[in-house]
Amino acid sequence: MSRVEDLWERLVRAALRGRITSGGLYRQPEAGLAANVPSSLGNKDIDDILRAADEIQDDDPNISRILCEHAYSLAQNLDPNSEGRGVLQFKTGLMSVIKQKLAKKEAGGIDRTQDIARLREFYKLYREKQNVDQLRKEEMELRQSGVFSGNLGELERKTVKRKRVLATLRVLGNVLGQLTKDVSAEEAERLIPEELKRVIESDAAMTEDLLPYNIIPLDAPSLTNPIVSFPEVQAAVSSLKYFRGLPKLPGTFSPPPSRSLDVFDFLHCTFGFQKDNVSNQREQVVHLLANEQSRLRIPEDPEPILDEAAVQKVFLKSLENYIKWCNYLGILPVWSNLEAVSKEKKLLFISLYFLIWGEAANIRFLPECLCYIFHHMGRELEDALRKQVAQPADSCLFGSDVSFLDQIIRPLYDVISLEAANNDNGRAPHSAWRNYDDFNEFFWSLSCFDLRWPWHTSSKFLLKPTPRSKNVLKLGGGKRCGKTSFVEHRTFLHLYHSFHRLWIFLFVMFQGLAIIAFNNGNINSKTIREVLSVGPTYFVMKFFESILDIVMMYGAYATSRSLAVTRIFLRLLSYTLLSVFICFLYVKALEDKSDNNNTSVVYKLYVIVLSIYAGAKFCLSFLLHIPACHRLSDRCDSWPLVRWMKWMHEEHYYVGRGMYERASDFMKYMIFWLVVLGCKFSFAYFLLIRPLADPTRFLVNLSINQYSWHDIVSKNNHNAFTVLSLWAPVLAIYLMDIQVFYTIVSAILGFLLGARDRLGEIRSLDAVHQLFEKFPAAFMNTLHVPLPQRESVQPSGQVLDKNKIDAAQFAPFWNEIIKNLREEDYVDDLEMELLQMPKNSRSLSLVQWPLFLLASKIFLAKDIALESKETKDSQEELWERISRDDYMKYAVEECFYSVKFILTEILDDEGNNEGKKWVARIYEDIQGSIAKGSILVDLQLDKLPLVIQKVTALLGILKKEQTPDLETGAVKAILDLYDVMRIDVLSINMRDNFEIWNMLSRARTEGRLFQKLRWPKEAELKAQVSRLYSLLTIKDSAANIPKNLEARRRLQFFTNSLFMEMPVAKPVREMLSFSVFTPYYSEIVLYSMSELLKKNEDGITTLFYLQKIYPDEWKNFLARIGRDETTSELELGDNPNHILELRFWASYRGQTLARTVRGMMYYRKALMLQAYLERMSAGDVEAGIVGNETADVQGFELSPEARAQADLKFTYVVTCQIYGKQKEEQKPEAANIALLMQRNEALRVAFIDEVESLKEGKVHTEYFSKLVKADINGKDKEIYSIKLPGNPKVGEGKPENQNHAVVFTRGFAVQTIDMNQDNYFEEALKMRNLLEEFNCDHGLRPPTILGVREHVFTGSVSSLASFMSNQESSFVTLGQRVLANPLKVRMHYGHPDVFDRVFHITRGGISKASRVINISEDIYSGFNTTLRQGNVTHHEYIQVGKGRDVGLNQIAVFEGKVAGGNGEQVLSRDVYRLGQLFDFFRMLSFYFTTVGYYFCTMLTVLTVYAFLYGRVYLALSGVGEAVQTRADILGNTALSAALNAQFLFQIGIFTALPMILCFILEQGFLRAMVSFVTMQFQLCTVYFTFSLGTRTHYFGRTILHGGARYQATGRGFVVRHIKFSENYRLYSRSHFVKGMEIVLLLVVYLSYGYNEGGALSYILLTVSSWFLAISWLFAPYLFNPSGFEWQKTVEDFRDWTNWLLYRGGIGVKGQESWEAWWDEELSHMRTFSGRVMETILSLRFFIFQYGIVYKLHVQGDDTSLTVYGFSWIVFAVLIILFKVFTFSQKISVNFQLVLRFVQGLAFLLAVAGIAVAVAITSLSISDIFACILAFLPTGWGILSIACAWKPVAKKLGLWKSIRSIARLYDAAMGILIFIPIALSSWFPFASTFQTRLMFNQAFSRGLEISLILAGNNPNTGM
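Not measured: the values here are computed from a predicted model.

The rules behind these values
Residues numbered from 1 in each chain as written. Predicted model: local features only at pLDDT ≥ 70, side-chain atom pairs only at ≥ 80, totals over all residues. Heavy atoms only, no water. Salt bridge = Lys/Arg side-chain N within 4 Å of Asp/Glu carboxyl O. Helix = DSSP H or I, 4+ residues; strand = E, 2+ residues; numbered from the N terminus. Buried < 20%, exposed > 50% of the residue type's maximum accessible area, 1.4 Å probe, protein only. Expected span 1.5 Å × (residues − 1). Axes fitted to C-alpha atoms, helices over the stretch in contact; angles between N-to-C directions. Parallel < 35°, antiparallel > 145°, perpendicular 65-115°, else oblique. Contact = heavy atoms within 4.5 Å. Nonpolar A, V, L, I, M, F, W, Y, C, P; charged D, E, K, R; others polar. pLDDT = per-residue confidence, 0-100.

To continue, consider the pattern of salt bridges. A side chain of one charge can pair with a side chain of the opposite charge when the charged atoms of the two come close. Counting across every chain of the model gives 95 salt bridges. One salt bridge in this structure joins Asp 1276 and Lys 1223, with 2.9 Å as the shortest N-O distance. Within this pair, whereas Asp 1276 is found in strand β7 (residues 1276-1283), its partner Lys 1223 is found in helix α51 (residues 1219-1224), the two being separated by 53 residues in sequence. The residue Arg 1386 makes a salt bridge to Asp 1393 at a minimum N-O spacing of 2.9 Å. Comparing Arg 1386 with Asp 1393 shows no difference in burial state: the two are buried. Through salt bridges with shared partners, a single network forms among Asp 438, Glu 441, Lys 483, Glu 488, Arg 1469 and Arg 1473.

Let's shift gears to helix α12 (residues 275-296). Look at α12: 32 Å from first C-alpha to last across 22 residues, which is about the 32 Å you get at 1.5 Å a residue. Of all 22 residues making up α12, 19 are buried, and the element is well covered by its neighbours.

With that settled, the discussion passes to the packing of helix α47 (residues 1136-1147) against helix α52 (residues 1228-1239). α52 packs onto α47 with a crossing angle of 100° between their chain directions and a minimal axis gap of 14 Å. As summarised for this structure, α47 and α52 are arranged roughly perpendicular, according to the angle between their axes. Counting all contacts with α47, which are made through Leu 1140, Glu 1141, Arg 1143 and Phe 1144, the residues of α52 involved are Asn 1232, Leu 1235, Leu 1236 and Arg 1239. Of the residues that constitute the contact of α47 with α52, the class distribution is four nonpolar, one polar and three charged.

Bringing the confidence of the model for the chain into the picture now. Detailed reading of the predicted coordinates is not advisable wherever pLDDT falls low. Put simply, the chain has an average pLDDT of 82, and 86% of its residues get 70 or more. For the stretch residues 1-5, pLDDT sits under 50, and the model shows three contacts to residues farther than four places along the chain or on other chains. Confidence drops under a pLDDT of 50 for residues 1532-1547, and excluding neighbours within four residues, the segment shows 44 contacts in the predicted structure.

It is generally the case that most residues other than glycine have a negative phi and that most peptide bonds are trans. Residue Pro 454 follows Trp 453 across a cis peptide bond; omega there is -5°. With omega at 20°, the peptide bond leading from Asn 1381 into Pro 1382 counts as cis. Residue Asn 520 is not a glycine yet carries a positive backbone phi of 60°. In this structure, Asn 520 sits in the loop between α19 (500-518) and α20 (525-531).

A separate point is the environment of Lys 1283. Inspection of the secondary structure assignment puts Lys 1283 in strand β7. Given a relative accessible area of 23%, Lys 1283 falls into the partly exposed group. As a C-alpha pair, Lys 1283 and Gln 274 span 1009 residues in sequence and 7.8 Å in three-dimensional space. Those residues in contact with Lys 1283 that sit more than four places away from it in its chain are Gln 274, Leu 405, Arg 410, Glu 1262, Tyr 1263 and Phe 1264.

Spelled out as structure tokens, the structure:
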């Protein structure tokens, strides 16, 4: 029975623990009973009690039972009805455990009256057993001694033990106190004597650092955390203390026991902020003040005081936006005179603002709303300060409760969340609901004060909207408040509306160039008169823009400012009048010209009016955008006319004011664009427009009477359609070629800027070797803080001393870099030894270099010396030969002096006087010989090998640990050396020192010489012995060390960056503080063994794949964990630690959170090393470190001061949105995140906790934003828990996730890092320099975002990954370099940019979150920064790793998301304002680098369409043939060049230029060319052409229909084969349909086009169109792993047919059924305008049938409409036949026989009919194929229109028939694509070629071997 009970208890415990089966592998301490305490109980004590119960279970089960019972009673009191989520299960489980404990007692019952006594006695025993009194004492002694040992250090272990013991004692004491409350006072006194009470209180006081805190322990001052002893922190804390003049706090407010009252307590009491929000912001403000103070000076007073300047800076920085807001609205801030505001009051205002911000939740996205709240609460604060006793503020009071969240935030949140609900999960139009921007912009006008204070909830602004109707046919949405100042209507017209200046400029220039071309290039009065026709064009286009202003504002008139509405109507009126007037003048001028009056008054008036308008516009633009003139324009604002003109010229908003740059910057980007535009218009004029002038003139005058078809549109209109077919592609090229010229010029400029910045100077290992001796000085000049002793060294006389200082300072940093490379398995142990640099202590006067530079140099020098003996060279010639190789010279010198040093040291003992004299004598003699130049005479150099042999033998013995035998051996070795030197080597005259040599000879004879050696025991001497031994034994060159390519790349980049310009580093104490911020949802944290060993269809596991891709790193990993390199992964299973290390090894090579966390924690490691070494350099050495020779590299991670300093400067917050839910559901991700927290003590995890409870029978959910860290027990320790007003996910998920957690970040800056990024230790060393960029001069305004270079680390995975990597690399380096400077339009493209944190959190955050419109959330922070007068820079001396998608499907989904996001940007107010408010040239830069890039991509594809449809029109109408037979016009070579210019761009030779130049700059010309050619062989052009289609499709579709959404691409390794059906689903509409359409156009043109040049002419004209079509149709299968394996192909076909024929239904997903997928594909068409546009676009498919039927032989020469009408009858018959053959089986079940008879009869009649027609009429077989060519597009056109009007088709009952036809089309298209794949799969070489094409050689070999081992069965092991 006892065994059953025991098993039951274990089972319940396991359930409560929530253990994972493989939990042992996580190296996690078992969480015990406490693991599953429901968050709804909200009591930390239960957690602590159950943890303690688990801890003491083995010591005393009875006491464990008492604690469990107490925990149960607490849970019962908190939730008696078990209404909270998980409470009932928890209580049931806990009760089961208690019952088992009771049942196990041998005695019948338990006397609970004795529980207190038992607990008391156990407390004493436990205290005595753990020796509590000694614990703290030992720890403090160890801390002071500075002795560190072991892996984590003895100190670490002692501290952890003390914390555990005291935590348990604290729980026991608390429970004892709680239990005694239930007995009488006398009984309690008896049970717990006063003495014991004092002991309990004393122990509790020692647990101060067990209270949860984030960085600075403010609520309980810690003695163990040195951070609180920093003077700047003490000054910041004391500045916030309660000051005289603050009202007293009421008696109901309980003051904190462990700290004094401060201003936060006052604000907490007055406004009802949450306790944890107050604690969080208290730390935030202290952190900001302390760091600001440390930058000014470190206070040195006994009681440090905060400087006024520090407070002033934080005050102005934090409230800058509020001050600007007040100035904009023309109201006084809370303070009337800033200078009169005291320091204390400033701190009050800072604290109040941050408390409001910290609890504002989603309202943080409304920065000006926060200003409004602060403004009113500041007023209330002023009133509160006048009172004697603090009282709750009226605005936050509700009854007796005071709550800022409930009274201020929740009313606003409720309206915002209801509005967001009306977006129908992104399906509703943007105009139907208010987004975050609409709410915020309401506060940009004085009308916001109508809301009053507290909120006037009945105001229109706070009107709660009625839920939107789901009925698509029902318009309107009930009562609601309109949009504010902008409406995001879904239309392409936004491109014109936002960038009208560009379009007007392009069209006016096109008109002007065309007029000049048609005047044959002559510039005369006639030409000028015609060119002046651009005037009416300009004004008509401006008139169109003013109409758009009015149309686009529809939906926002009610809420917009009356001035703004007045302005747009005035502009419409003015441009209407101007258009009419200018057009009238020009027409009149033309009429006068026809009367031969060349200088008419009207013409002169026209010219004068145009000149005045142009002059005024130019002057106004000049005044508004040239900084030098801006002040003048501001002064002129007092003139009403100027003010009116500026108001009419440009809209005024709160954002976007003063967006001008320095005159020098303006000139730079103006010159850039003048070059681009010069190239563009030269190309356009000479190659596009001018060659078409004569042909166009000819065509216009040409009369064509005979057409191939029934002509409706081409007669009597001067061949307008023919002209249009020629000009349409040219016009499309004209509009998009500027993008190509921008790409070329920016690439060249970026290349030159990169060369100027010294990028790519060190691009090979050879360069690292050659320049290594310059690295220490370069390091000291850039990355090290300036050292006084270094600066005092005179460069002339003491170069060696300076180099020595530099090398000594550089060595620990370099060695730590190498050590980290070893830990990451990029180098092996031998390479690490060779790469590490000696400490360069003072023992040797010369600089000692790493062994990899000196390896084998001694042997080379020896050979040179022996050669010199033979060739009889002089000493000078010998030394000159050696000195040609610097490192050979260094090796010889070091060897010479090291031997002396070692011999002197080991002979430095009593009784070795002779020995020391011998060493001194020999060296004196040798140096004397060198001085005389007689070294070759005095020394027998041919005996050098013997000397080296003897020295090596001695060193080999001295390397080992001392033993008597080895001592004897050492003496013998040194005697041998003596004999060799005395007898064989030295040829000098010994008479000069006869006494010494005689004494030595006597000692040698008597056996006294060298008898007492001092064995090397000091670390430095041992290191010198070991190093010299290596120097004399390594014969192989180390020229290829390190071998690993990634290690080489990193070292090359790091060493190269040392020579780049960067700001001087500040000491760690004075540097800017920063945070790193990573949003995480549910991606892979750490690979599990099951994931690593899971086989794909080929039997390939992820681990196998990694082993083949990274073979050297796998070998290094096995060596690191002490395993043989032949060990398999299965053999590691015997050691859980090794399994865990294996999982980390694999995860660090994927795109996992573990990799990101490791990388980002290097910042802390780097700061600890820097802080530690700075303290040592300054002489402030920790006790015990002096004399410890390895302290400089081994002690820094355990130095409490270094850790505290790093924590004060660096915080890392990972915001794991659903971590709470993952923990509840016991997901492995939660366990892995907990493991990461345990391994990284500074890691903080923020998450949203959902707490469910039953209230009045309804489930009520509350949301909390929580921050946790790992505690000593391996559990989460909750630091802060801030209640939210509701579900925080109102907008887009990622920015909302960032927003809830941004309150937990700290510091001046924040770096945004995605969870697929990496960082490197050597790059982390540069962070101090980067942060100083915030204080550098980068233009008119200080930087607010620092752009950082990325290295894409996924390039080695496959060829596709390398294409993506190279494309991305050129954009994030060369591209962004130019965007930042000179163009000044770099935005924020994701990560890893560093934000000015305070600037951004006071202006809406680091991203925008409105649903759908902000789908590309990152770039909006760049838009927001620019509009709010920020400045974005780019820096390339530092890099961060970045993972990218590696499979075609992943890449396509990602590119689709980005393109869709750009489509949404087109509609956004941010893009509109930037387009309107930038000066013209900056607007061009902005357009062509954001939405314009995607529009030009779309134009590239449209050019192909325009060209091919034009050709098909010429072919089918017969015009082409008629023209060519009448005149040889279309054969004109210039015309052909113009028509074909598009292909040059489409293939993308020029757009590849940035990549080529990027390669050349960073790899060198030769390697760049090899890389580029290799990419061409790997079919990169196919990939880039394919991605062109992806971008075009999603960009266009998003603007037309919407439907953009966040796509989780999945970031794993793509080693699996993608099924045909999966590819078909993804690319059918985006690529296959369009590819088929292009093929159809090309076939029609081939069949009916007229080409004089025949086949060659056709091929040259259409080759790139064929390439485009084939790329779009077959790229997904070409880049599909194992895409051409026969067995896979067969399986794919089976799978595809199953999918195609499977009927859909409720709950069936698109990947299961064609019908479900088809419905999903049509879901984006929701708007009326979208349906109309889709219908118009679909009409193009009807041209084929209309043209082809007139080309049939059967119709002869008949061109009447009857022929076309008859073709529709044939088409209708075909449809009827199709319906007969696809008649529903369900309906026909009762008359199957009749149906089959009818189907058979119909088939026979159809065949007979065709046969008769062929026999009797002139219908030919080719006519039948032509009919198929004609009817296919017609059917598709009808189908497309039916799909666009799906609701109508359903009402008419046609939907099932339409669906059947659609299935037929998809089947036919799939078959056409599948046939070439199937044919290729027949040939084995196709699969082999494809594998080589896709994967690197190592994996290709591994894959083939794996298949052989599997018996060539791809499915073995499945």
